[in-house]
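Observations on the three-dimensional arrangement
Chain residues, written in single-letter form:
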Amino acid sequence: QVQLVESGVGLVQPGGSLSLSCTASGTIIFLTSDMTWYRQAPGKGREWVAQIFVGSVSKYADSVKGRFTISRDNAKNTMYLQMNSLKPEDTAVYYCNLKPLGAVSTYWGRGTQVTVSS
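This text gives an overview of the structure that appears in the document. Every chain is numbered on its own, with residues counted from 1 as its sequence reads. Side-chain atom pairs in this predicted model are given and counted only at pLDDT of 80 or more, local residue features only at pLDDT of at least 70, and totals for whole chains, interfaces and linings cover all residues. Derived side-chain values reflect all non-hydrogen atoms in the structure, with water molecules and hydrogen atoms excluded from consideration.

What follows covers the sheet that holds strand E8 (residues 78-83). In a beta sheet, neighbouring strands are held together by backbone hydrogen bonds and run either parallel or antiparallel to one another. Taken together, the four strands give an open sheet; going across it, the order is E1-E3-E8-E7, and neighbouring strands pair in antiparallel fashion. In this open sheet, the two edge strands, each paired with only one partner strand, are strand E1 (2-7) and strand E7 (68-73). In this sheet, neighbouring strand axes are inclined to one another by 15° on average, regardless of whether the strands run parallel or antiparallel. As paired elements, E1 and strand E3 (residues 18-26) share six bridges and run antiparallel to each other. Across the sheet, the residue bridging to Leu-4 is Ala-24, located in E3. At least two DSSP bridges between two strands are required for those strands to pair. The way it works is that DSSP assigns letters per residue, a run of H or I at least four long becomes a helix, a run of E at least two long becomes a strand, and they are numbered from the N terminus. Lines fitted to C-alpha atoms define the axes here, with helix axes fitted over just the stretch in contact, and angles between the N-to-C directions of these axes take values from 0 to 180 degrees.

Within the secondary structure, Gly-55 is located in the loop between strand E5 (46-52) and strand E6 (58-60). Separated by 55 residues in the primary sequence, Gly-55 and Arg-110 have C-alpha atoms spaced 26 Å apart.

Before going further, it helps to examine the pattern of salt bridges. Counted as salt bridges are all cases of a side-chain nitrogen of Lys or Arg within 4 Å of a carboxyl oxygen of Asp or Glu. Under the defined criterion, the tally for this structure stands at four salt bridges. One salt bridge connects Glu-47 with Arg-39, and the closest N-O pair in it is separated by 2.8 Å. When a residue's accessible area, from a 1.4 Å probe over protein chains only, is under 20% of the maximum for its type it is buried; when over 50% it is exposed; and in between it is partly exposed. Judged by its relative accessible area of 31%, Glu-47 falls in the partly exposed class. For Arg-39, a relative accessible area of 5% puts it in the buried group. In this structure, Asp-90 and Arg-39 form a salt bridge, with 2.9 Å as the shortest nitrogen-oxygen distance. A residue pair is termed long-range when its members are at least 10 positions apart, and Asp-90 in the loop between E8 and strand E9 (92-100) and Arg-39 in strand E4 (residues 33-40) qualify at 51 residues. You'll find Asp-90 and Arg-39 in the same group, each marked buried. It is possible to trace a salt-bridge network through shared partners that takes in Arg-39, Glu-47, Arg-67 and Asp-90.

Let us now look at the packing of aromatic side chains. Any two aromatic rings considered together are summarised by their centre-to-centre distance and by the angle between their planes. The pairing test for Phe, Tyr and Trp rings, Trp by its six-membered ring, is centres within 6.5 Å, and the orientation test on the planes gives stacked under 30 degrees, edge-to-face over 60, and tilted for anything in between. Scanning the entire structure with this criterion turns up one aromatic pair. When the centroid spacing of 4.9 Å and the interplanar angle of 50° are considered together, the rings of Tyr-38 and Trp-108 count as tilted. Note that Tyr-38 is positioned in strand E4 and Trp-108 in strand E10 (residues 107-108), a separation of 70 residues in sequence. We note Arg-46 situated over the ring of Trp-108; from NZ or CZ to the ring centre the distance is 4.6 Å. Either the NZ atom of lysine or the CZ atom of arginine qualifies as a charge over a ring when it sits within 6 Å of the ring centre and within 35 degrees of the ring normal.

Further remarks concern unusual backbone geometry. With a phi angle near 70°, Ser-56 is a residue other than glycine that sits in the positive phi range. Structurally, the position occupied by Ser-56 is in the loop between E5 and E6. Judged by its relative accessible area of 42%, Ser-56 is partly exposed.

Printed below as a string of structure tokens:
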């Protein structure tokens, strides 16, 4: 059984910063898993935000490029998302996703709320 737990829920003012983390536990080899952050704003579908692959190559959605930084610490089975210059449109529930290399199934966290408001 694989579990993903996000942390970093918060309320921040526009222009502020917030850091999220996602820790994996259970029968999983974190080192050989691709990790992704998604988000879902109220009334909208789930949106791909950033992804970090085995080997730490990363990609970003255009909407967050230059403001968000994804990283991973394989020794701690943890992925991070540093969010800077936050905007009200970044308000959403943020989910982490883990996909083991070569696997069909992926795993999801329960999500953590980020609210950007003055």
